[in-house]
Amino acid sequence: MVDLQSQYAKIKDVVDPSIQEILESAAFINGPKVHQFQKNLEDYLGVKHVIPCANGTDALQIAMMGLGLKPGDEVITADFTFAATVEVIALLQLTPVLVDVDPITFNIDVEAIEKAITPKTKAIVPVHLFGLAADMDAIMALAKKHNLYVIEDNAQGIGASYTHKDGSKTKTGAIGHVASTSFFPSKNLGCYGDGGAIFTNDDDLAHIIRGIVNHGMYERYHHDVVGVNSRLDSIQAAVLDAKLPHLDSYNEARRNAARKYTDAFKNHPKITTPSGNTTCDGICDTCDCHVFHQYTLNLNDVDRDALVKHLQENNIPCGVYYPIPLHLQKAYRDERYNEDDFKVTNQLVRSVISLPMHTELDDEQIEFITSTVLNFINQN
Ligand SMILES: *Cc1c(COP(=O)(O)O)cnc(C)c1O
């Protein structure tokens, strides 16, 4: 699904000496590289504070701890996403409230959020799923109306921009009250191990969160709040700082691959290609609402699992993100859920398929992948 070796070969000249420098300095934890990367990422995103941490799951958890959410508070998120989002809500003894997604964008359905709001609701967690910015203007307006926090899960969307109604643009992760991201190797900005970060424009919240990631310490050996130990190490920061200047071109390479996939599949009666948000089709030249963490097709009247098998037999990797709705996972079942409220997710889990998507795809690979998919669909 990804080709990290070829990508590494192109930046080896920068990455290797930078890692070597850390080995020699022995500043493995909280070294100057971590600070440098943090500053550079703040500039890139246009966000006031980046607080690095150990991974994207921690980042979500710490964001919720920083907001002071308390057991019993309800947090609304999408039924169709990676489990980390709902996991940390449950882990903090908050009450996850899963809602359905939009059938075209696959992102959280704003009307479904509004229906799910109760007096106990404290926060909404939109996920920029597969790299497409969620409908942030609508979500922020809803949050304002009901006095709720918005925590953006930007693990799949780093580098994407959201175009507001007035035409201005903001990078995803810089719009909500707080945001999280992951630097897992296969993410759009990935390190060579685990890593993550929290973003916010709120000075007070940033201060609280900087203490939480460091055992609740604001002054050495004074523990004011219950914290965690969650750090980005210097070696990972060195890798990320070497890759950050390439993030836009990496995302452009993904968007180029997406354009070629979409050209091959468009107008096929059995294939729905990915969409952008309401203002574009996700692959236009003028905006970057979609950074294609995944390139995901929605199939109509195709035996999806047989196609998966056929691709595997042809040595084409593919993925099903995600095969089971979160509300049906054993850990997150809740008798309050009604199947009728999850029509879209219940369908998508059976009809989506994600094709290889990374920065190193060439025309020959794309042509082989698209023709193999089309041959199967046209013959079955
Ligand atoms: C990857 C991912 C996470 C978790 O990130 P880790 O660094 O693996 O902990 C959270 N949310 C979403 C949507 C993700 O894709």
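Note that the structure is predicted; figures quoted are calculated from it, not measured.

### Describing the sheet that holds strand 13 (residues 295-299)
Logical step 1: Strands sit in the order 12-13-14 across an open sheet of 3 strands; the sheet is antiparallel. Looking at which strands have only one partner, the edges of the open sheet turn out to be strand 12 (271-272) and strand 14 (352-355).
Logical step 2: The pairing of strand 12 with strand 13 spans 2 bridges and is classified as antiparallel. Residue pairing for strand 13: T272 is matched across the bridge by N298.

### Comments concerning the packing of aromatic side chains
Logical step 1: By the definition in use, this model includes 13 aromatic pairs.
Logical step 2: When the centroid spacing of 5.9 Å and the interplanar angle of 85° are considered together, the rings of Y8 and Y192 count as edge-to-face. Here the residue Y8 occupies a position in helix 1 (residues 4-25), and Y192 occupies one in the loop between strand 8 (178-182) and strand 9 (196-200), the gap between them amounting to 184 residues.
Logical step 3: Ring centres of F80 and F130 lie 6.1 Å apart, and the angle between their planes is 90°; this geometry places the pair in the edge-to-face category. Highlighted residues: F80 in the loop between strand 2 (74-78) and helix 4 (84-91) and F130 in the loop between strand 4 (121-125) and helix 6 (136-146), separated in sequence by 50 residues.

### Structural notes on the pairing of strand 3 (residues 95-99)
For a regular strand, the rule is simple: side chains alternate between the two faces of the sheet.
Logical step 1: With 4 of 5 residues buried, strand 3 lies mostly within the body of the structure.
Logical step 2: Relative to strand 3, strand 2 runs parallel, the two sharing 5 bridges. Residue T77 lies in a different strand from strand 3, and its bridge partner there is L98.

### Section: the packing of helix 3 (residues 56-66) against helix 7 (residues 203-212)
Two measures define how a pair of helices packs: the angle their axes make with one another and the distance between the axes.
Logical step 1: Where helix 3 contacts helix 7, the two axes come as close as 9 Å, and the packing angle between them is 125°. Regarding the angle of helix 3 to helix 7, the classification is oblique. Like other packed secondary-structure pairs, helix 3 and helix 7 cross with a definite hand, here right-handed. Of the residues in helix 7, those in contact with I62, A63, M65 and G66 of helix 3 are L205, I208, I209 and I212.
Logical step 2: Partitioned by chemical class, the residues of the contact of helix 3 with helix 7 number 7 nonpolar, 1 polar and no charged.

### Observations regarding helix 6
Logical step 1: Among the residues of helix 6, those classed as buried are M136, D137, I139, L142 and A143.
Logical step 2: Looking at the buried residues of helix 6, the elements they touch are helix 5 (110-116), strand 4, strand 5 (149-153) and strand 6 (161-163).
Logical step 3: One or two steps after helix 6, the chain reaches N147, where phi turns positive at roughly 55°.

### Thoughts on the site of the ligand
Logical step 1: The local shell around the ligand consists of N55, G56, T57, T81, F82, A84, V127, D153, A155, Q156, S182 and K187.
Logical step 2: Q156 places a side-chain nitrogen or oxygen 2.8 Å from an oxygen atom of the ligand.
Logical step 3: Between S182 and the ligand, the recorded distance is 2.7 Å, taken from a side-chain N or O atom to an oxygen atom.
Logical step 4: Surface burial for the ligand is 91%, taken as the share of its 380 Å² of free accessible area covered by protein chains.
Logical step 5: Residue classes in the shell around the ligand are distributed as 4 nonpolar, 6 polar and 2 charged.

### Digging into the domain arrangement of the protein chain
Logical step 1: Each assigned domain of the protein chain is listed with its residue range as follows: domain 1 (4-245) and domain 2 (247-379).
Logical step 2: Here domain 1 and domain 2 have C-alpha centroids that lie 24 Å from each other.
Logical step 3: Listed by partner, the interface residues are 49 residues for domain 1 and 38 residues for domain 2.
Logical step 4: Here domain 1 and domain 2 share an interface that buries about 3,700 Å² over both sides, 55% of which is from carbon and sulfur atoms.

Calculation criteria
Residues numbered from 1 in each chain as written. Predicted model: local features only at pLDDT ≥ 70, side-chain atom pairs only at ≥ 80, totals over all residues. Heavy atoms only, no water. Pairing = 2+ DSSP bridges. Helix = DSSP H or I, 4+ residues; strand = E, 2+ residues; numbered from the N terminus. Phe/Tyr/Trp six-rings, centres within 6.5 Å; stacked < 30°, edge-to-face > 60°. Buried < 20%, exposed > 50% of the residue type's maximum accessible area, 1.4 Å probe, protein only. Axes fitted to C-alpha atoms, helices over the stretch in contact; angles between N-to-C directions. Parallel < 35°, antiparallel > 145°, perpendicular 65-115°, else oblique. Left-handed = near helix turned anticlockwise from the far one by under 90°. Contact = heavy atoms within 4.5 Å. Nonpolar A, V, L, I, M, F, W, Y, C, P; charged D, E, K, R; others polar. Near = heavy atom within 4 Å. Polar contact = N/O pair within 3.5 Å; in protein donor to acceptor, adjacent residues only side chain to side chain. Areas by Shrake-Rupley, 256 points an atom, 1.4 Å probe, with all protein chains shown as cover. Domains from an automatic or database assignment. Buried area = accessible area lost by both parts, 1.4 Å probe.

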